[in-house]
Amino acid sequence: MSEVQYIYDKGLKAMEDMNIAFASGKGGTGKTTIAVNLAYFLACSKQKVQYLDCDVEEPNGHIFLKPTIDKSTPAKVMVPVIDQDKCTSCGECSSHCQFNALVTLPGNVLLFPELCHGCGLCVYICPEKAIRDGDRGIGLIEKGIATQDIDFIHGILNVGEPMAGPLIQEVKHHYKEHHVRIIDAPPGTSCPVVKTISDADVVVMVTEPTPFGLHDLKIAVSVAKNMEKPIGIVINRQNGEFPPLETYLLKNDLPVIMVLPEDREIARHYSMGDILLQALPLYIDRFMELAVNIGRLLGKTKTQVAR
Ligand code: SF4
Ligand code: SF4
């Protein structure tokens, strides 16, 4: 067995039962393209793969993986229901709600459902038992099987719904054991990103070699570093050198685990919703390299990769 094959096989082994999150400081870096194609590559390599799209405001992994959806479930969060007849306007609920979702008025309590985080404290605390559990729909969870038997799940947040976190949590409740779990995180560095990568074993940051790309990458890296996550960098659409990015990566000891060039053919197939590796198999080696490098990153932290 060649050394490359050996490292590759070990890399695949290291990925079993691991959460590999794909993140990016900004939208449009190609995060989903890389995540989808790694999922496809691993599935073609006889790995059991689960693809979890946690980019719930704009999930688009399904456009490429084209899953057959066999289950669709409404996602709900708890909201309090207040019986105004029982309420004495004591103000206990609103003074304890840390999200300012309740306002006590004389003879009335107002609820702002968009601010409510469903913690249930007000139900527990009301001395008159005037508050009970209700629920509110925030989106949909869809499950199915995609190409190459990839187990597929995504969340679709209702338009205008601010509570992405509970829907992401709901997607993650469907983790399948003994699978490589490829998790597509939302772009940016907000709470939904933190929620998504919180249990990642490794975070793959996809960036582009531009000033905007670097600016947002730095913020995203600082978030993942604060969470003590191993980070690998994918540079997408490389077109010549961009020294500020190279200097930054070197200075911060951030390994580049794959580079994809700027290629009109990649863009063309992306716009048609094709899986890159099906349309342009010349890039298979790049994804094998990515798999090996992720295995190495996991090996560093989990000591599972013999090198
Ligand atoms: S705690 Fe109960 S009784 Fe007091 S204001 Fe809130 S709903 Fe009304
Ligand atoms: S459930 Fe929690 S967040 Fe929602 S209104 Fe009650 S105390 Fe506030």
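Higher on the page you've got the structure.
Worth saying up front: this structure is predicted, and the values here are computed from it rather than measured. (Residues numbered from 1 in each chain as written. Chains lettered and ligands numbered in written order. Predicted model: local features only at pLDDT ≥ 70, side-chain atom pairs only at ≥ 80, totals over all residues. Heavy atoms only, no water.)

Is there a simple way to think about the overall build of the protein in this case?
A count of helical and extended segments in the protein gives 12 helices and 11 strands. By its C-alpha atoms, the protein is 75 × 45 × 40 Å across when sized along the principal axes. Taken over 307 residues, the protein has a buried fraction of 50%. Total accessible area on the protein is roughly 15000 Å²; 53% of this is exposed by carbon and sulfur atoms. Within the protein, one finds 30 positive and 37 negative side-chain charges whose respective centroids are separated by 4 Å. (Helix = DSSP H or I, 4+ residues; strand = E, 2+ residues; numbered from the N terminus. Buried < 20%, exposed > 50% of the residue type's maximum accessible area, 1.4 Å probe, protein only. Areas by Shrake-Rupley, 256 points an atom, 1.4 Å probe, with all protein chains shown as cover. Lys, Arg positive; Asp, Glu negative; His and termini not counted. Charge placed at Lys NZ, Arg CZ, Asp CG, Glu CD.)

Please explain the pattern of salt bridges as it appears in this structure.
If charged atoms from side chains of opposite charge come close, those side chains can pair. One pass over the structure, following the stated rule, counts 9 salt bridges. Note that Lys31 and Asp55 form a salt bridge whose closest N and O atoms lie 3.7 Å from each other. Placement of Lys31 in helix 2 (residues 31-44) and of Asp55 in the loop between strand 2 (49-53) and helix 3 (61-65) is noted, with a sequence separation of 24 residues between them. Asp55 matches Lys31 in its accessibility class, with the two residues each being buried. Notably, a salt bridge pairs Arg237 with Glu208, separated by 2.7 Å at the nearest N-O pair. In this pair, Arg237 is assigned in strand 10 (residues 231-238) and Glu208 in the loop between strand 9 (202-207) and helix 8 (211-226), connecting sequence segments 29 residues apart. A relative accessible area of 34% means that Arg237 is categorised as partly exposed. One salt-bridge network, in which partners are shared between bridges, spans Lys26, Glu208 and Arg237. (Salt bridge = Lys/Arg side-chain N within 4 Å of Asp/Glu carboxyl O.)

Help me out: how do you make sense of the site of ligand 1 in this one?
Lining the immediate surroundings of ligand 1 are Cys87, Thr88, Ser89, Cys90, Gly91, Glu92, Cys93, Val109, Cys126, Pro127, Glu128 and Ile131. A per-class count over the shell around ligand 1 returns 7 nonpolar, 3 polar and 2 charged. (Near = heavy atom within 4 Å. Nonpolar A, V, L, I, M, F, W, Y, C, P; charged D, E, K, R; others polar.)

Explain the packing of helix 8 against helix 9 (residues 243-251) here, please?
Packed helices, taken two at a time, are described by their axes: the angle between them and the distance between them. Contact pair helix 8 / helix 9: the axes reach a minimum separation of 11 Å and the direction vectors enclose 15°. Judged by the angle between their axes, helix 8 and helix 9 are roughly parallel. The way helix 8 lies across helix 9 gives a crossing that is right-handed. Of the residues in helix 9, those touching helix 8 at Leu214, Leu217, Lys218 and Val221 are Pro244, Leu245, Tyr248 and Leu249. (Axes fitted to C-alpha atoms, helices over the stretch in contact; angles between N-to-C directions. Parallel < 35°, antiparallel > 145°, perpendicular 65-115°, else oblique. Left-handed = near helix turned anticlockwise from the far one by under 90°. Contact = heavy atoms within 4.5 Å.)

What exactly am I supposed to notice about the sheet that holds strand 7 (residues 150-157) here?
If you walk across this open sheet you meet the 9 strands as 3-6-7-2-8-1-9-10-11, and the pairing is mixed. The open sheet terminates on both sides in strands that have one partner only, identified here as strand 3 (68-82) and strand 11 (256-261). Between one strand and the next, the sheet's axes are offset by a mean angle of 20°, whatever the strand orientation. In the sheet, strand 1 (residues 19-23) pairs with strand 9 via 4 bridges, with the strands oriented parallel. Across the sheet, Ala21 pairs through a bridge with Val203, a residue of strand 9. Packed on one face of the sheet, helix 8 meets strand 9 and strand 10 and runs near 170° to strand 9. (Pairing = 2+ DSSP bridges.)

Just to check I follow, could you spell out the side chain of Arg136 for this structure?
The topology assignment puts Arg136 in strand 6 (residues 131-146). Side chain to side chain, Arg136 and Glu161 meet in a polar contact 2.6 Å long. (Polar contact = N/O pair within 3.5 Å; in protein donor to acceptor, adjacent residues only side chain to side chain.)

What exactly am I supposed to notice about the site of ligand 2 here?
Taken together, Pro80, Cys97, Phe99, Ala101, Leu102, Cys116, His117, Gly118, Cys119, Gly120 and Cys122 make up all the residues around ligand 2. Of the residues belonging to the shell around ligand 2, the class tally is 8 nonpolar, 3 polar and no charged.

Explain the packing of aromatic side chains here, please?
The description of two aromatic rings rests on the distance between their centres and on the angle between their planes. The tally for this structure, following the rule as stated, stands at 2 aromatic pairs. Here the aromatic rings of Tyr51 and Phe152 are separated by 5.9 Å at their centres, their planes lie at 5°, and the arrangement is stacked. In this pair, Tyr51 is assigned in strand 2 and Phe152 in strand 7, connecting sequence segments 101 residues apart. Relative accessible area serves as the criterion here: at 0%, Tyr51 is assigned to the buried category. Relative accessible area serves as the criterion here: at 0%, Phe152 is assigned to the buried category. (Phe/Tyr/Trp six-rings, centres within 6.5 Å; stacked < 30°, edge-to-face > 60°.)

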